[in-house]
Every structure is written in C-alpha cells, then in structure tokens.
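# Breakdown of the fold
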Amino acid sequence: CSWSDHIVMKINCLNVFLLLSPSPIPSTSVTSAKIQVNGVHLHYQQTGGGSHAVLLLPGMLGSGQTDFGPQLKSMNKQLFTIVAWDPRGYGKSIPPSRDFPPDFFERDAKDAVDLMQALKFKKFSLLGWSDGGITALIAAAKYPNLIHKLVVWGANASVTQEDVRIYNGIRDVSKWSEKVKKPLEEMYGHNYFAKTCEAWVDGISRFAENSDGNICQQLLPDIKCPTFIIHGEKDPLVPQAHAEYIHKHIKGSRLLLMPEGKHNLHLRFAEDFNRQVEDFLR
C-alpha cells in the first residue's frame with residue numbers, strides 16, 4: 001500500500017486510542033495564582049488533575065517555590081491535584097508583612113483550609129513540613145470533616161528550652177549556609193529575610209513559656225484522619241522526641257524514621273519521600 005495509506009492508518013489508530021483512553025492525561029505544568037482569603041491575597045501553585053487534592057504547607061519563611069520543587073514536579077499528577085501555598089507574609093503572599101502573634105499557627109491553619117475551600121476542594125489531604133507540619137496538625141484537629149489524610153515531618157507540638165537554644169542558633173541569617181540562604185535572600189531581599197527570621201525566633205520561643213511548652217499538644221487526640229509522621233534521625237532542628245510524642249498522641253498514626261534524613265529530608269531524599277507519601281495517600 002502507498003505511503004499515504006500508512007499515514008491514514010496511523011491517524012485512525014491514534015483516534016481509536018484517544019477514544020478508548022479512560023481520561024485525558026493531566027497537565028504536568030504548574031500554574032501560579034492568587035486568591036483572596038480572610039482579607040489577604042494568598043499565592044498558590046497548582047499542578048496535576050487527580051481526584052485526590054493535596055495541600056503542601058511550607059516551613060518558616062517558606063513558599064511552594066522554595067520548599068516543594070520535587071513534589072510539584074514529580075508527585076503523581078494522575079492521582080493527585082497538588083496545591084502548594086505561601087502563608088500570609090511569606091513568598092508571594094506579601095503584603096501583609098509576616099508577623100507572629102500568639103495564635104499565628106491557628107491563623108495559618110484557618111487560612112490554609114479556607115484557601116482550599118475557596119478553590120472548591122470539598123475534602124483534601126495535608127502534607128506539612130516543619131512549621132507547616134504544626135499548622136497541618138492544628139487544621140486536621142480543628143477541621144476533621146475536611147481532612148482526608150495527614151502527613152507531617154520536622155514538626156513539633158511543644159517548645160522546650162533545648163528547642164529555644166536551637167532556634168537562637170539560627171537567629172542570625174548571616175551564619176546560614178549559602179545554599180539555604182541564597183533562595184530566601186533572592187525571594188525576600190536581605191533585610192526582610194533577616195528581620196522576619198528574628199521575629200520568628202521570638203514568636204516561636206514564646207511557646208516555651210506555656211505549660212509544658214505547649215503549642216498544640218491538647219489537639220492531637222482530636223486528629224481522627226489517617227496520619228503519617230516522618231522524621232529524619234539526623235534532624236538538627238527538631239529532636240526525635242517531638243515526632244515520637246506526636247505519634248504517641250495521635251491514635252493509629254504511623255511513624256517512619258529515616259536514618260540519614262535531616263530537616264529537609266523531602267528535598268534530600270525526594271524520590272524515596274514521594275514514594276512513601278504516595279503509597280500512604282492512595
């Protein structure tokens with residue numbers, strides 16, 4: 001048969017394949033937008049087209065851009081719709097400038113949940129790192145009907161005097177490694193970066209004045225959704241006892257210790273982390 005016949009046959013085969021495909025392949029691109037929530041314009045990134053919505057919650061001074069590159073790029077976009085937000089005063093959710101009143105974690109939790117509802121997600125899972133993990137714990141406890149599953153790492157439910165000593169060790173950003181410091185200086189400029197870090201140290205250290213250094217200990221038993229706690233055994237910022245406490249007080253939770261993991265284990269061991277989390281979320 002002629003060359004043109006071959007072309008026609010290939011086109012027909014392609015049409016049949018498209019008709020038989022159960023669903024279109026979701027976009028792998030990452031979109032970026034802002035939406036007004038609780039009086040502020042919150043920035044978020046979104047990717048994937050799966051039926052399971054997942055919100056990524058960054059750490060101190062963090063944003064979707066700085067904290068979750070490997071997750072936005074490589075998590076399964078057919079299973080999940082992935083949203084990474086910038087909490088108020090962080091990333092591109094400025095203005096307002098970031099501040100740390102006594103209820104800043106509760107404020108972030110409400111903002112995060114209201115953001116997902118504004119985006120029309122009826123139920124979603126939370127992946128929270130560090131401060132974002134604390135925010136996710138509070139959100140899962142306070143809004144149980146909205147949260148499908150919960151993953152936290154590098155999080156703590158209280159602040160000890162040892163924690164305060166660790167926090168003061170990172171107060172001066174000029175002493176940070178260039179690798180960690182550079183993307184944050186590029187995002188914020190040196191003055192905002194340095195000032196906000198100092199304000200964060202003061203803000204989180206105040207929890208040590210509470211009974212047992214409490215941040216959200218009393219809320220942990222209220223978390224009913226399936227919960228996965230991951231901890232790097234070499235985390236220099238959050239001692240392992242914090243992960244063990246959270247695990248002990250969330251009924252049915254699962255704890256994974258990563259022997260070589262540090263605070264940024266989801267970046268350093270992104271492939272393993274993504275696989276473990278996806279298996280849990282399925």
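Up top is the structure these notes are about.
An account of the accompanying structure is given in this report.

Cut-offs used in this document
Residues numbered from 1 in each chain as written. Predicted model: local features only at pLDDT ≥ 70, side-chain atom pairs only at ≥ 80, totals over all residues. Heavy atoms only, no water. Phe/Tyr/Trp six-rings, centres within 6.5 Å; stacked < 30°, edge-to-face > 60°. Helix = DSSP H or I, 4+ residues; strand = E, 2+ residues; numbered from the N terminus. Buried < 20%, exposed > 50% of the residue type's maximum accessible area, 1.4 Å probe, protein only. Pairing = 2+ DSSP bridges. Right-handed = clockwise from strand over helix to strand, strands pointing away. Salt bridge = Lys/Arg side-chain N within 4 Å of Asp/Glu carboxyl O.

Time to look at the packing of aromatic side chains. Counted under the stated rule, the structure contains ten aromatic pairs. Here the aromatic rings of tyrosine 167 and tryptophan 200 are separated by 5.1 Å at their centres, their planes lie at 70°, and the arrangement is edge-to-face. Taken together, the residues span a long stretch of sequence, with tyrosine 167 in helix α6 (residues 161-168) and tryptophan 200 in helix α8 (residues 190-205) at a distance of 33 residues. Note on tyrosine 167: relative accessible area 5%, which makes it buried.

Within strand β4 (residues 80-86), seven of the seven residues are buried, which leaves it mostly tucked inside the rest of the structure. Two strands pair when backbone bridges link them, and strand β3 (residues 52-57) and β4 are joined in this way by five bridges, in the parallel orientation. Counted as the bridge partner of leucine 55 is valine 83 from β4.

A word on the pairing of strand β5 (residues 124-129). The element β5 is largely enclosed, with a buried count of six among its six residues. Here β5 runs beside strand β6 (residues 147-153); their pairing, made up of five bridges, is parallel. Looking at β6, one finds that leucine 126 is bridged to leucine 150. Remark: the β5/helix α5 (residues 131-142)/β6 crossover connection has right-handed handedness.

The subject of this paragraph is the pattern of salt bridges. Scanning the entire structure with this criterion turns up ten salt bridges. One salt bridge in this structure joins aspartate 108 and arginine 98, with 2.8 Å as the shortest N-O distance. Placement of the pair is aspartate 108 in helix α4 (residues 104-118) and arginine 98 in the loop between β4 and α4, with a sequence separation of ten residues. For aspartate 108, a relative accessible area of 4% puts it in the buried group.

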